[in-house]
Structures are given as structure tokens and as C-alpha cells.
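Structural description and commentary
Listed here are the chains, written in short residue letters.
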Amino acid sequence: MKKEINGKTKIIGVIGKNIENSLSPLIHNQMIFKHSLNFCYLPFQVAETDLNKVIQGIKALNIRGVNITFPYKEKVVKFLDEVEESARRIGAVNTIVNNKGILTGYNTDVIGFKRSLQEDEEFVIKKKKAVIFGAGGAARGIIFALLEEEIEEICIFNRTLEKAKKIKQDFSPFFPESSIDVFPLEEENLKNKIERAHLLVNTTSLGMPPQIDNTPLPDEKLFHPNLLVYDLIYHPAKTLFLRQAEKSGAKIINGLPMLVYQGIESFYLWTGLKPEGKEVLEIIKRIA
Ligand code: ATR
């Protein structure tokens, strides 16, 4: 079993703004260890002003690839040489692969999100109604996933309405069978939309350090037992949003399964190996 770092070690990692609490290094280094690969996964906390230089640095340092996380999933797209078809349509990238100096962007959040819903929750997306909080890079991936699985209706609530409108404008032409409505975050319609919804997803950073006392849905009376309430955040494991949802009798899921499944797809793009999802998830739940 290979444990040491040497002159042939290939570097992979994650680029984000606040990644002290990221579990991606733990997940990937576990998979590397299990498969005895000569790879090492590192955290790179970088400022937005350095993003272009950092992306060019992937080539200069011959890094094999990186994950991209909050809040750079959309911002990195313009610095890449190539963007895979669905990531280009989504407009957000969470994985970069460096092939002999050519940087290609992918979006593995889509498959990660689908697997977490379909395998872990046995949730059938087709013909359902969802309310999504947020309209950033993570939201774009999961909204695309829901549309691909023929959801009936998506209502996007976002602080900046323009960003939600842009998602509707970008995606609607490709998915004419599904309806997409957009609203500002403070909105009376929330009550009516949540009443009708089957799935409620937080893609905002409300609930993540340093905003742990925040929630996208301050009125906890709006949760109901027929909802599956999903928070993309996994640290803390139960945000205020999820705690309040659970009290109402709703089913809840945090962002850990999706993180593991999207990570496995990224790992495959860098190494050609695809570890078994449930097994990795169980290990991470035990040691994280
Ligand atoms: P990511 O790549 O993780 O999606 P992002 O693109 O920066 O990150 O998106 C962050 C999301 O959280 C956005 O929907 C953002 O709202 P805006 O589009 O208005 O910026 C939302 N968000 C972050 N902080 C927020 C806050 N304090 N109140 C409401 N929404 C917030």
C-alpha cells in the first residue's frame, strides 16, 4: 500500500474561498489510500482576485486536476480551455481536468445530486414540484439535474432576482415540459409554493459558517411532513434549516451524500477509477 509522497506523486485538490471545513480532502485521500494510488489531494484556499492566476497555475505546476467549490463554480468557466457540453449549458464547473496542459471543465454535481436523491432517498423526481433557495453555481447544477429528470415545476427564490431570471432564460428553452418560476427571497408566494412542493433545497450559503444562525426560510411554520428537505451544506451536519424542517416531521438530507457521489465522479475523471459510492459514504460518515 502506497502511503509516501515522492517525486512521482500526482497532485489533485480543491479550490474555494472558505474551505477549512471541506471534507473533500478526507474523501479523496481515503479513496487514494484504498486504491494505493500515488496521488495526493490538497486544499487550496484562494482569493477571487487571484482566481485567473491560480487556474493558470494548474498548468504551470502540472496539477492533474481540481474540484471547484463555493463561490467559484461559475467564475472559473471563462479561464478554461474547454468545457464539457452539459457543464457549458449549466454555466458552472465543479471539476477541472488537466490533460497535457489543456484544462477541461466538468460538472459532476449533476450526477452527485441525482444519486443522492434517487439512491439514498428513493425520491422519484419525475412530475414533482420543487422550491429551490439560491441561484448560484451550485443551484445551476441541481436545477439542471431536476430538469433532466423531468420535474414538473421549479420555483427559484433568490436574494438577487436577476440571477434566478438568468437561470430560467438559460434553461427553459431546453426543457419546455417543465415550468420554472422565479421570485425574490422575501416573498409571500413562498407559503403557497411550499405547500404544493415535494422537495425543498437550500443551495445558498445561509447556515454555513460564519452564517450558522441563518436560514433561507425563517418562518418554520411553512415546513410540512410531506416534504423532502435538502440542504447542500454538510458542515454543520444539521443546519438550522434542517433542524426546523425535522421538527415539522419532514424528511431531511444534508450535503454529504452528494459531496461523496460528485467526488467519486471527479476522482474517476482524474484517475480512471470509480470507487463504490455507498462504501465511501459509510467510511466518511464513520470518520468525519
Ligand atoms: P455556489 O457556487 O456555492 O452556488 P454562489 O454562486 O456564490 O456559490 O451562490 C451563493 C448563493 O447563496 C447565491 O444564491 C446567493 O444569493 P445572491 O445570488 O443574491 O448572491 C446566496 N446567498 C449568499 N449569502 C446570502 C445571504 N446573506 N442572504 C441570501 N442569500 C445569500
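Structure first, text after, so check above.
Cut-offs applied
Residues numbered from 1 in each chain as written. Predicted model: local features only at pLDDT ≥ 70, side-chain atom pairs only at ≥ 80, totals over all residues. Heavy atoms only, no water. Near = heavy atom within 4 Å. Polar contact = N/O pair within 3.5 Å; in protein donor to acceptor, adjacent residues only side chain to side chain. Areas by Shrake-Rupley, 256 points an atom, 1.4 Å probe, with all protein chains shown as cover. Nonpolar A, V, L, I, M, F, W, Y, C, P; charged D, E, K, R; others polar. Buried < 20%, exposed > 50% of the residue type's maximum accessible area, 1.4 Å probe, protein only. Helix = DSSP H or I, 4+ residues; strand = E, 2+ residues; numbered from the N terminus. Pairing = 2+ DSSP bridges. Salt bridge = Lys/Arg side-chain N within 4 Å of Asp/Glu carboxyl O.

So, about the site of the ligand. Near the ligand, the surroundings consist of 18 residues, among which Ala138, Asn158, Arg159, Thr160 and Lys163 are the closest. Here an oxygen atom of the ligand sits 2.8 Å away from a polar atom, N or O, in the main chain of Ala138. Between the ligand and the protein, one listed contact pairs a nitrogen atom with a side-chain N or O atom of Gln211 at 3.3 Å. Expressed as a share of its isolated accessible area of 650 Å², the protein-covered part of the ligand is 85%. Class assignment for the residues of the shell around the ligand results in six nonpolar, eight polar and four charged.

Turning our eyes to something else, we now look at the pairing of strand 5 (residues 95-99). Taking burial as the measure, the five residues of strand 5 include four buried ones, the bulk of the element. The pairing of strand 3 (residues 65-68) with strand 5 spans three bridges and is antiparallel. Across the sheet, Asn67 pairs through a bridge with Thr95, a residue of strand 5.

On inspection of all chains with the given rule, the structure shows 21 salt bridges. What emerges from the salt-bridge pattern is a single network uniting Lys114, Glu148 and Glu149.

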